[in-house]
Amino acid sequence: LQELEIKIPAKVGSGDKLFGSVSNADVADAINKAGVEIDRKYITVLGGLVKRLGTYNAKIRLHRAVVIDFPFDVVAEGK
C-alpha cells in the first residue's frame, strides 16, 4: 500500500482551484482501482476536503492499532 503512487485527476479552474473537491471517497476509489481494497470510512484526508492541486496526506486505519500516512497527488484532469 505504501508503494502506491496515487494521482487523482480533477477538473481545475483558474489559480489551481478545483471545481468541487476531493474527499476520502475519491481517495478510496483511486486506491481500489490500483488493486487494494480499502473502505472509505477507514480513510481520513488531513485538513478535510482538498480544493487545490498538489500533494496531500491521508491517514488510513488498517487495524485498530495500525494507522499509516498515505501521500497522494491531485492533478489536473487530462494530464
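What counts, and where the lines are drawn
Residues numbered from 1 in each chain as written. Predicted model: local features only at pLDDT ≥ 70, side-chain atom pairs only at ≥ 80, totals over all residues. Heavy atoms only, no water. Helix = DSSP H or I, 4+ residues; strand = E, 2+ residues; numbered from the N terminus. Rg over C-alpha atoms; globule rule 2.2 N^0.38 Å. Buried < 20%, exposed > 50% of the residue type's maximum accessible area, 1.4 Å probe, protein only. Contact = heavy atoms within 4.5 Å. Core = buried A, V, L, I, M, F, W, Y, C linked by side-chain atoms within 4.5 Å. Salt bridge = Lys/Arg side-chain N within 4 Å of Asp/Glu carboxyl O.

Colleague: Would you mind showing me how to read the overall build of the protein here?
Modeller: When helices and strands are counted, the protein shows one helix and six strands. Sequence-ordered secondary structure for the protein, helices as α and strands as β, is β-β-α-β-β-β-β. Relative to a compact globule of 79 residues, whose C-alpha radius of gyration would be 12 Å, the protein shows 12 Å and is just as compact. The dimensions of the protein, computed from C-alpha atoms along their principal axes, are 40 × 25 × 15 Å. Looking at the 79 residues of the protein, the share that counts as buried comes to 28%. In the protein, once contacts between residues fewer than 6 apart in sequence are set aside, the share between residues at least 24 apart is 47%.

Colleague: Help me out: how do you make sense of the nonpolar core in this one?
Modeller: Nonpolar side chains tend toward joint burial in soluble globular proteins. Core analysis: the biggest nonpolar cluster contains 19 residues, and Ile 31, Ile 43 and Phe 72 have the highest contact counts within it. Dropping the residues within four chain positions of it, Phe 72 is found in contact with Ile 6, Ile 8, Val 22, Val 27, Val 45, Val 50, Gly 54, Thr 55, Tyr 56, Asn 57 and Ala 58.

Colleague: Is there a simple way to think about the pattern of salt bridges in this case?
Modeller: Side-chain pairs of opposite charge can arise whenever the charged atoms involved come near each other. All told, the structure shown has two salt bridges when counted by the stated rule. For the salt bridge of Asp 73 with Lys 7, the shortest nitrogen-to-oxygen distance reads 3.3 Å. Within this pair, whereas Asp 73 is found in strand 6 (residues 66-76), its partner Lys 7 is found in strand 1 (residues 6-10), the two being separated by 66 residues in sequence. The residue Asp 69 makes a salt bridge to Lys 59 at a minimum N-O spacing of 2.7 Å. Remark: Lys 59 occurs in strand 5 (residues 54-63) and Asp 69 occurs in strand 6; sequence separation between them is 10 residues. Exposure remark for Asp 69: the relative accessible area of 42% places this residue in the partly exposed category.

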